[in-house]
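# Observations on the three-dimensional arrangement
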Amino acid sequence: MRHNTPDTIKRAERFQIILIGEGILVGAIAGLIVLLYRICLEYAGKWLKQILAYASGNPGRMAGWFAVLLLLAWIVAKLVQFEPMISGSGIPQLEGEMVGKLDQTWWRVLPAKFLGGFLCLTGGLALGREGPSIQLGAMVGKGVSRGLDRGKTEEKFLLTCGASAGLSAAFHAPLAGVMFSLEEVHKNFSVSVLVSVMSASLTADFLCSNVLGVSSVFQFDILHALPIHSYGMIVALGVILGVLGAFYNWFTLKSQEIYNKATFLRPEVKAMIPFVCAGILGFTAPDLLGSGHALIEYLTNSDVMLKSVLFLLIGRFIFSAVSFGSGAPGGIFFPLLVIGGYIGGAFATISVQYFGLNPMYINNFVLLAMAGYFAAIVRAPLTGIILIFEMTGSLSQMLSLSVVSIVAYVVAILMKSKPIYESLLERLLQKRGESVTDETGEKVLANFVVKQGSSIEEELIRNVKWPDNCLLVAIQRGTDEIIPKGKTKLQAGDLIVTMTDERDMGVIHEKMEALCQERF
């Protein structure tokens, strides 16, 4: 079904009601798929431990496990060749689709990503479940959109709903799912998308909670909030996290670049590298395998020596880069939280030994470092704060979480480190050549928020140099909807609704974002 301009505008007027029902539908389907994915990954972790215990010390069995790992790597490589969009976490692919530069085939991505992520975690690669869960959820949103024959405008709302549902179901974190999808995926906070995204996120979380329970992801005690005189240490930790976050982004991209430059290696051989490393670590340092959930439990519930903390931190950092750089299907979201937690653990342990910090505050710094490291790498501080709160169930650290996240965020910006998913998307587009869009001529609505300090704030519409082939449909100011006229003066917080052909969306999105962003 083709959607002409009047139909598109008329349907947009009913978005807020229509999308609630569609959000619940997407949340229910995405929640079920991610729930099944989580259950499969739990079995993968159990099987891996049993296999390593069975094979350890027996050369024949160990050789047999390495043969299985090579087979798993070969299957994963074939899956990535079958559907290249499943490579990596899947979040950059989703962001590329949101700005009209990529077009994923949802019915190919769903089974390939599911199976690929499962095989990678079965092999012990240091990858997370959150990126695949977000991509799986988003592809459910796209599938629902295509099944209901929705236009591109509604499809992007449903992609956002699916992403929110995926993260919510992956971590039992509905608020973080909402915030991440708005802050990182959709890039604005309009009422229409907020309500539908909340519907999807809560639906998915409800389904998973009924099966897996409502316990938080991390189970460790925070006995007391940090005293005010410790905030100098929090700022120092934030600076360290900002620097190390910038290094993480550089190192991750560098590892990916090294794999890409090894053109003399077949894709199957490249995939075998992290699997073989996982086999070696499985019989020498098994704690470094998998998503790393047990590492945080070990750090926060045991009296760990500084040497052990540093060994696990460095080993985990390198193995995560080796795993992700290969292009294997899996996320960096959870692994970077683990690395951040160990940075906090090392910082606190050193502070206890040399600066008189009370040992009961070590877990506080572990929690703070997870949020600050996330803020420095992903550049989504609100999501990081809410995510850590939901994953730990601790409300007492909100002020200190905010301080460390802001400091790490600012330091990462000063170091000119781009957000990791933005960098990964740029790398993906460079690899594919020019931008990819589907030239159907279909009309697409998009929303852009006028930021305070932007070049168009307090400007008359007629004085702004708008992108070519871009129609201003409406200006939403609070609860009022204003018809754009030449003499209309734009204000900070205004939501500009534009319409364009789908084929022009990628270019226009970039130009509109540049107009609406703050000037530095």
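Notes on the structure in this doc start here. Quick caveat, the model's predicted, so the values are computed rather than measured. (Residues numbered from 1 in each chain as written. Predicted model: local features only at pLDDT ≥ 70, side-chain atom pairs only at ≥ 80, totals over all residues. Heavy atoms only, no water.)

Mapped onto the secondary structure, Ser164 falls in helix H7 (residues 152-171). Assessed through its relative accessible area of 0%, Ser164 is described here as buried. One polar contact links the side chain of Ser164 to the main-chain amide nitrogen of Val178, over a distance of 3.4 Å. If we ignore the near neighbours within four places in the chain, the residues touching Ser164 are Gly177, Val178, Ser181, Val197 and Ser201. (Helix = DSSP H or I, 4+ residues; strand = E, 2+ residues; numbered from the N terminus. Buried < 20%, exposed > 50% of the residue type's maximum accessible area, 1.4 Å probe, protein only. Polar contact = N/O pair within 3.5 Å; in protein donor to acceptor, adjacent residues only side chain to side chain. Contact = heavy atoms within 4.5 Å.)

On inspection of all chains with the given rule, the structure shows 13 salt bridges. Salt-bridge contacts for Glu154 lead to Arg150; the nearest nitrogen and oxygen are separated by 3.6 Å. Note on Glu154: relative accessible area 3%, which makes it buried. Here Lys261 ties to Glu257 by a salt bridge, and the two come within 3.0 Å at their closest N and O atoms. On the criterion of helical spacing, the pair formed by Lys261 and Glu257 is a turn pair, its members being 4 residues apart in helix H10 (residues 231-261). Owing to a relative accessible area of 58%, Lys261 belongs among the exposed residues under this scheme. Put simply, Glu22, Arg150 and Glu154 are held in one network by salt bridges that share partners. (Salt bridge = Lys/Arg side-chain N within 4 Å of Asp/Glu carboxyl O.)

Turning our eyes to something else, we now look at the packing of helix H3 (residues 59-82) against helix H11 (residues 267-284). Relative orientation of the contacting elements H3 and H11 amounts to 145°, with a least axis distance of 8 Å. When you trace H3 past H11, the crossing you get is right-handed. Across the interface between the two elements, Met62, Trp65, Phe66, Leu69, Leu70, Leu72, Ala73, Trp74, Val76, Ala77, Lys78 and Gln81 from H3 touch Pro267, Glu268, Ala271, Met272, Phe275, Val276, Gly279, Ile280 and Phe283 from H11. (Axes fitted to C-alpha atoms, helices over the stretch in contact; angles between N-to-C directions. Left-handed = near helix turned anticlockwise from the far one by under 90°.)

Here we take up the sheet that holds strand S2 (residues 471-477). Taking strand neighbours across the sheet as the criterion, the 4 strands line up as S1-S4-S2-S3 in an open arrangement whose pairing is antiparallel. The open sheet has two edge strands with one neighbour each: strand S1 (443-449) and strand S3 (480-482). Between one strand axis and the next, the sheet turns by 25° as a mean value, whatever way the strands run. Across 3 bridges, S2 lies against S3 in antiparallel orientation. In the strand pairing of S3, Ile475 is matched with Ile482. (Pairing = 2+ DSSP bridges.)

Another aspect to go through is the packing of aromatic side chains. Following the criterion strictly, the structure yields 16 aromatic pairs and no others. A ring pair is formed by Tyr248 and Tyr373, whose centres lie 5.8 Å apart and whose planes are at 75°; its orientation type is edge-to-face. Linking Tyr248 in helix H10 with Tyr373 in helix H15 (residues 362-378), this pair joins segments that are 125 residues apart in sequence. Taken individually, Tyr248 and Tyr373 each receive the classification buried, so the pair is uniform in this respect. (Phe/Tyr/Trp six-rings, centres within 6.5 Å; stacked < 30°, edge-to-face > 60°.)

Interpretation in functional terms is not warranted from these geometric data alone.
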